[in-house]
Amino acid sequence: MATSCGGGDRSAPAPAQATPAARSGRVGDQVCAECHEDLHRTYHDTVAMARSFARIQDAGEVEDWEQDNTLFHEATGFHYRMEKRGDRYFQVRWMETEDGRRVHEFEREATHVMGSGRHVRTYVNYAEGGDAMQLPVSWYAESGAWQMSPGYDYEGQLDFRRPIDHDCMFCHNAYPRVPAGVSTTAYEGALPAGIDCERCHGDGARHVEVARRPDSTYDEVIDAIVNPGALTPKRAMDVCMQCHLETAVNTGLPHSVRRFDRDVFSFRPGEDLEDYVLPIDSPPGTDVEERFEIAHHGYRLMQSKCFQESAGELSCITCHDPHHTAPAAERKALVQEACASCHGADACGVEHADAAAAGVGVEDCAACHMPKRRTIDVVHAVMTDHRIVRRLPSADLTAPRREQRDVYTGELAFFLPETAPEGAAGELYLGTAYLQAHHHLELGVELVERALAAGATPAATPPLPSSC
């Protein structure tokens, strides 16, 4: 399903480097709404990305702040209470002595929410100095209850000390302003409120300027903005993959290495994702290929035969309208139509009688072939697995599970070797990934030293892995 904007092939890449000074081309959603009122309204009213980050007072309450609002974390002995005081919200933590006294009490205000609330809503304290910190307790839609935030359900959890760094903000919000310098946690001024138009369409200043000129032609206006629906299939997918292509490497490991000459907020729609970031994975055949994580949409889809054999015809927007989320019945029909464009019912590998017995209607392809699964990194969330399988797995994919702290310690490889740098440059990036992972350090040092000796250009400041 293409976007509503017209135009031809807008596949020219964005500039290779976008510095903070060059980001003055952004205009913000309210300017877009002046001409695209209907798209702006349906996007902000129905699409979860529009609500991916917000001031807590603007987010609307879906949680219980006043009754079932306590949590005991057995691994640490911490008690938590979520409190609403007027129009402000707080998380309070304490421990209890044997005689019932409260000790080690601490609280921090929740100023922002991260997440739309469809699956998970976690909380952020944005301080006057510009630092953003994650709070330890999140709200989960599936259970309708407070549980520990992702990555917090173990004895050594970071309590109120986990920073929301720039890599976290990259996928959860519009591009914020950041102060000059090297800080990976500081922000400047008011934070944006959710993924905006320009994350998918690129900076809008030139488009607005051309559109407001009385002598501009339609083609000139269209040429001044990126229309993902008019990009090549690969570059159109890259617009989504900038946030939805986390790979199967797990806790504490980098799922990608950013190009050394790139600013974290420098990706622009229309360029190849690999010009900005190099996805890192475990080599084919390792057991972590079966890992299912909360940001695995693109990674799992790309493992599907349907995707691999579609020659670019199957993509995210085959089933997802980026401007509007339809009601459930309409979404099911859209998926059914997409599947039927290649497959007849008699070609389905699932015994439909068995599916009906299991309570799955034969008109619901996704229920059998893209089943919902519990994620292993956010264990209180259940998501649609975008890997299209021939048969419905027999295991209970939504069964409760405990948060795991195991770290994959095997080899790393480029997820997209056909577009990854080769020779010394490739070894430099792969060596950097090993060093960021804090394992196989000797191999990482060996690769980096060999790459530098062969003439690879070193990074003055290699990007750090995300703390998320």
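Here, every reference points to the structure presented above.
Residues numbered from 1 in each chain as written. Predicted model: local features only at pLDDT ≥ 70, side-chain atom pairs only at ≥ 80, totals over all residues. Heavy atoms only, no water.

Turning next to the packing of aromatic side chains. Considering all chains together, one arrives at 13 aromatic pairs under this definition. Considering the side-chain rings of W139 and W146, the 5.4 Å spacing of their centres and the 75° angle between planes classify their relative orientation as edge-to-face. Take W139: its relative accessible area is 9%, and that puts it in the buried class. Taking relative accessible area as the criterion, W146 reaches 4% and is therefore assigned buried. With a centroid separation of 5.3 Å and an interplanar angle of 55°, the aromatic rings of Y175 and F265 are classed as tilted. Of this pair, Y175 sits in the loop between α4 (166-172) and α5 (198-201) while F265 sits in the loop between β12 (256-258) and β13 (277-281), and the two are 90 residues apart along the sequence. In this structure, Y175 and F265 share a single accessibility class: buried. Aromatic ring contacts, followed pair by pair, group W65, Y89, Y123, W139 and W146 into a single cluster. (Phe/Tyr/Trp six-rings, centres within 6.5 Å; stacked < 30°, edge-to-face > 60°. Buried < 20%, exposed > 50% of the residue type's maximum accessible area, 1.4 Å probe, protein only. Helix = DSSP H or I, 4+ residues; strand = E, 2+ residues; numbered from the N terminus.)

Judged from the seven bridges that link them, strand β4 (residues 88-96) and strand β5 (residues 102-110) form a sheet pairing that is antiparallel. Bridge pairing in β5 links Y89 to A110. Hairpin connection, β4 to β5: the antiparallel pair is bridged by five residues, and G100 has positive phi, about 90°. (Pairing = 2+ DSSP bridges.)

On to the sheet that holds β5. Pairing is antiparallel across the open sheet formed by four strands, whose spatial order is β2-β3-β4-β5. Here the strands that pair on one side only, and so sit at the sheet edges, are β2 (70-73) and β5. Each adjacent strand pair in this sheet contributes to an overall mean axis angle of 20°, direction not counted. As paired elements, β2 and strand β3 (residues 78-85) share four bridges and run antiparallel to each other. Looking at β3, one finds that L71 is bridged to Y80. (Axes fitted to C-alpha atoms, helices over the stretch in contact; angles between N-to-C directions.)

Positionally, T375 belongs in the loop between β14 (372-374) and β15 (382-384). Owing to a relative accessible area of 0%, T375 belongs among the buried residues under this scheme. Every residue in contact with T375, bar those within four places of it in the chain, is listed here: F292, E293, I294, A381, M383 and R401. Here V378 takes part through its backbone oxygen, which lies 2.6 Å from a polar atom of the side chain of T375. (Contact = heavy atoms within 4.5 Å. Polar contact = N/O pair within 3.5 Å; in protein donor to acceptor, adjacent residues only side chain to side chain.)

Turning to the pattern of salt bridges, a few remarks are in order. Under the criterion given, the structure shown has 29 salt bridges. In this structure, R81 engages E83 in a salt bridge whose closest nitrogen and oxygen atoms are separated by 3.4 Å. By sharing partners, the salt bridges in this structure join K234, R235, D238, D272 and E274 into a single network. (Salt bridge = Lys/Arg side-chain N within 4 Å of Asp/Glu carboxyl O.)

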